[in-house]
Amino acid sequence: CPNCNMSFFPKLQVVDELLTSAKKSIEGSSEALDRLMDSGDLEKERGITITSKVTRVPYKQEATGESLVLNIVDTPGHADFSGEVDRILSMVDGVCLLVDAVEGPMTQTKYVLSRALQAGLKPICILNKCDRPEAVSRLDSGETETKLVELFEALGASEEQTDFVTMYASAREGWIVKEDPFVALELSADGYNKEETDEHSMRHLLDAIVDIIPEPAARRYDTSVEKDTSLEGDSFGEDPFALAVVSVGSDSYLGRTCTGRIVSGSISVGDGVSLLAREGQQSDELPSSSVSGLFCYEGVSRKPMEAFACAGDCVTLAGVPESVAVGDTITSKSNPVKEPIDTPPLAPPTLSMDFGTNNGPLAGSEPGTIVASSKIRERLVAETDNNVTLKIEKSSSDAEKTTVYARGELQLGILVEQMRREGFEMILTPPRVLTVKDPETDELLEPFEEVIVDVDSEFSGAVVSSLTNTRKGQLVEMTETPDGKARLLFHAPSRGLLGFSAEIASETRGSAVVNHVFLENRPHIGMLESSYGKPKLVCNTSGKATSYALQALSNRGTLFVEPGDELYSGMVVGEQARVGPDLEVNAVRAKEVTNMRTQSKDETVRLAPPVKLSLEEMIGYMAEDEVIEVTPKSIRLRKAILDGNVRERAARNRAKQLRTNKK
């Protein structure tokens, strides 16, 4: 049975170094790892953790020679994946909080830390990137440590949690120091070669975890055993088995699978199990099955466990009942627990978007694509097996569309990107921010978010102007550093942040780093000026884009397409430079062919590279009358109504309706 269960957020390279040191303690040597826990293609491309993972790490302490087992859980740090964070924290007994020694705690750090503190978990804080030159002054003054203490106090940490251990590290160079910033400064100045010495290796972090994080707690039904007693694995045999499910899956050979932490008792292959649903049973007879496989993860590889697993283990069971879902409890068939294990409530969604069949002129033109609305809906429903914060239902306005409720743009963007890589083709409607009514005053409320923007000081004015004028955000705090950087703290409505990241990246020449997290529901602040519904260049005919036509259009604004791209009427090909209504243009016009030759006619066409928006940027950028067309090979922005004349009449009717509403 494990000696320690703990979670890392966010982990960067530290977990790689940790796993390398643990393996070296057993085998004497180990190969270097590269983002082992971020094994998905999207995770590697974007440099973020999307799905939570658990790995079992054997470790031999150098001082005592004792062989131990650690379960390390990797969890996302972004609030959009709050469902992953909440359920995975129920598997651990402590956390390692990684903080950039220069930047200090960020907005997303606040979210995951607050959830860990609420769960009563014991933290270890690691200041990473101490080898950077900018970190020297911060370590010398203790500024980052002070911000950490203030953050813990602001989040309501207990006295024991506030008295956390601080470690100083450079994951890139492979060293770590416990509670001595001056040694960290010396290593930063002199350098450290992990191949020559292991005096400050990551083994010190492993030892700190063993010393500080408590053993996995188990629920005992044998009242003769005193509380806080340390027990061996075979001591749990008489207790009823119970496992809290945190993820589900399927295996073509072994059947339905589920992963979770064993709360009580023990389990082995062939044991009979029953399912206790989180929401209560629909009948007196519990769904039952026999365990066909018992596995743990070492790195990202699934390996069978010998003999049995007991309370405190994080395991995967195969052959569980087909109806198992996240939050349910798997228990012993012969000796079941009476009530399902309590699991944390899920955060409500803040954003919705409709998914529908692609009805554009190029629909189904790419071979092997999946276009049927029923297949799209089936795939979305299947996603809710593990992505528990997603809510799926039929659209109230169009039976062929499916409405998806999610936590934010990033979560929706990741889902769509996964689907398009699986061969799905669809259209997406503009995102809608969800509002609620105050049960006491019946006042309309909307979600507000805390936004932190780190930017070069020269662009701080542009950031403040962009977020406080049309988007109705409020500047709460502004701090500047001697190195020419500024940190701006805002409170802004969620709908005002749609498209903000892409816009501010352009205005600050890419120097702005934006982080935001849900704050609370506040009174609705009324209609926002359409800062992200900018006038577009809309193609009015079908064909392939030509250099000749695009050269003429380049003076009218920013182009999104390049020569040779397939276009059609109603497709957005660029953003207009002037303020006004959308402009219909011909982007497929070819150069007139004549027998006359002049120097001016034979000039080479030179075009600036087109702007290529990512899927998340496009979700925030699209206007109310537009949709995103997603295929495995392309992402296009187009008008929902393709015919220009019909679109113009609809715009007039919409403007008339707005004037009527204002009156």
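Note that this is a predicted model, so its numbers are computed, not measured.

1. Some remarks on helix α13 (residues 500-507)
So, point 1. Turning to α13, its buried residues number three or more, namely F500, E503 and I504. Down the axis of α13, the buried set is contained in an arc of 90°. They therefore lie on one face.
So, point 2. Against the buried residues of α13 lie β24 (444-456), α12 (460-468) and β27 (513-523).

2. A word on the sheet that holds strand β33 (residues 583-585)
So, point 1. Reading across from one edge, β30-β32-β28-β33 is the order of the four strands in this open sheet, with mixed pairing throughout. Since the sheet does not close on itself, it has two edges, and those belong to β30 (557-559) and β33, each with one partner. Neighbour-to-neighbour, the strand axes of this sheet turn through a mean angle of 30°, independent of strand direction.
So, point 2. Two strands pair when backbone bridges link them, and strand β28 (residues 536-539) and β33 are joined in this way by three bridges, in the parallel orientation. Looking at β33, one finds that L537 is bridged to L583.

3. Description of the pairing of strand β17 (residues 329-332)
So, point 1. With three bridges connecting them, strand β8 (residues 242-251) and β17 associate as antiparallel partners. Counted as the bridge partner of A244 is T329 from β17.
So, point 2. Judged from the four bridges that link them, strand β11 (residues 272-276) and β17 form a sheet pairing that is antiparallel. The residue of β17 that forms the bridge with S274 is T331.

4. Considerations on the sheet that holds strand β14 (residues 301-304)
So, point 1. Taken in spatial order, the eight strands line up as β12-β11-β17-β8-β9-β16-β13-β14 in an open sheet, and their pairing is antiparallel. Two strands bound the open sheet, and with one partner strand each, they are β12 (288-290) and β14. Within this sheet the neighbouring strands show an average axis-to-axis angle of 40°, counted without direction.
So, point 2. Strand direction decides the pairing type here: β11 and β12, joined by three bridges, are antiparallel. The partner of S274 across the bridge, within β12, is S288.

5. A few points about the environment of Q61
So, point 1. Position of Q61 relative to the elements: it lies in the loop between β2 (53-60) and β3 (67-74).
So, point 2. Separated by 146 residues in sequence, Q61 and D207 have C-alpha atoms that sit 7.1 Å apart.
So, point 3. Each residue touching Q61, except ones within four places of it in the same chain, is listed here: E66, L68, R203, D207, V210 and D211.

6. Some remarks on the packing of aromatic side chains
So, point 1. This structure, assessed with the given rule, holds two aromatic pairs.
So, point 2. Ring centres 5.9 Å apart and planes at 75° place the aromatic pair F560 and Y621 in the edge-to-face group. Of the two residues, F560 sits in the loop between β30 and β31 (566-567) while Y621 sits in helix α15 (residues 615-621), which places them 61 residues apart along the sequence.
So, point 3. Among the residues examined, F560 registers a relative accessible area of 14% and is labelled buried.
So, point 4. Here the basic side chain of K391 rests over the ring of Y405, its NZ or CZ set 5.6 Å away from the ring centre.

7. Observations regarding helix α11 (residues 409-421)
So, point 1. Here α11 spans 18 Å end to end across 13 residues, near enough to the 18 Å set by a 1.5 Å rise per residue.
So, point 2. With respect to burial, α11 is a largely interior element, eleven of its 13 residues being buried.
So, point 3. Of the positions making up α11, those classed as buried are E409, L410, Q411, L412, G413, I414, L415, V416, E417, M419 and R420.
So, point 4. Once α11 ends, the next one or two residues include G423, with phi positive near 100°.

8. Focus on unusual backbone geometry
So, point 1. Although it is not a glycine, K129 sits at a positive phi angle of roughly 65°.
So, point 2. You can see K129 is positioned in the loop between β5 (122-128) and α5 (135-141).
So, point 3. Since its relative accessible area comes to 33%, K129 is described here as partly exposed.
So, point 4. Positive phi is not limited to glycine here, since K472 has a value of about 60°.
So, point 5. Tracing the backbone through its elements, the reader meets K472 in the loop between α12 and β25 (474-480).
So, point 6. K472 gets classed as partly exposed once you look at its relative accessible area, which sits at 33%.

9. Describing the packing of helix α10 (residues 373-383) against α11
So, point 1. Two numbers describe how α10 lies on α11: the axes approach to 12 Å, and their chain directions differ by 125°. The angle between α10 and α11 falls in the class oblique. Where α10 crosses over α11, the two elements pack in a sense that is right-handed. Taken together, the residues of α11 that come into contact with α10 (itself represented by I376, R379, L380 and E383) are L415, Q418 and M419.
So, point 2. Taken together, the residues of the contact of α10 with α11 break down into four nonpolar, one polar and two charged.

Definitions and limits used
Residues numbered from 1 in each chain as written. Predicted model: local features only at pLDDT ≥ 70, side-chain atom pairs only at ≥ 80, totals over all residues. Heavy atoms only, no water. Buried < 20%, exposed > 50% of the residue type's maximum accessible area, 1.4 Å probe, protein only. Helix = DSSP H or I, 4+ residues; strand = E, 2+ residues; numbered from the N terminus. Arc of directions from axis to C-beta. Contact = heavy atoms within 4.5 Å. Pairing = 2+ DSSP bridges. Axes fitted to C-alpha atoms, helices over the stretch in contact; angles between N-to-C directions. Phe/Tyr/Trp six-rings, centres within 6.5 Å; stacked < 30°, edge-to-face > 60°. Lys NZ or Arg CZ within 6 Å of the ring centre and 35° of its normal. Expected span 1.5 Å × (residues − 1). Parallel < 35°, antiparallel > 145°, perpendicular 65-115°, else oblique. Left-handed = near helix turned anticlockwise from the far one by under 90°. Nonpolar A, V, L, I, M, F, W, Y, C, P; charged D, E, K, R; others polar.

None of this, on its own, says anything about what the molecule does.
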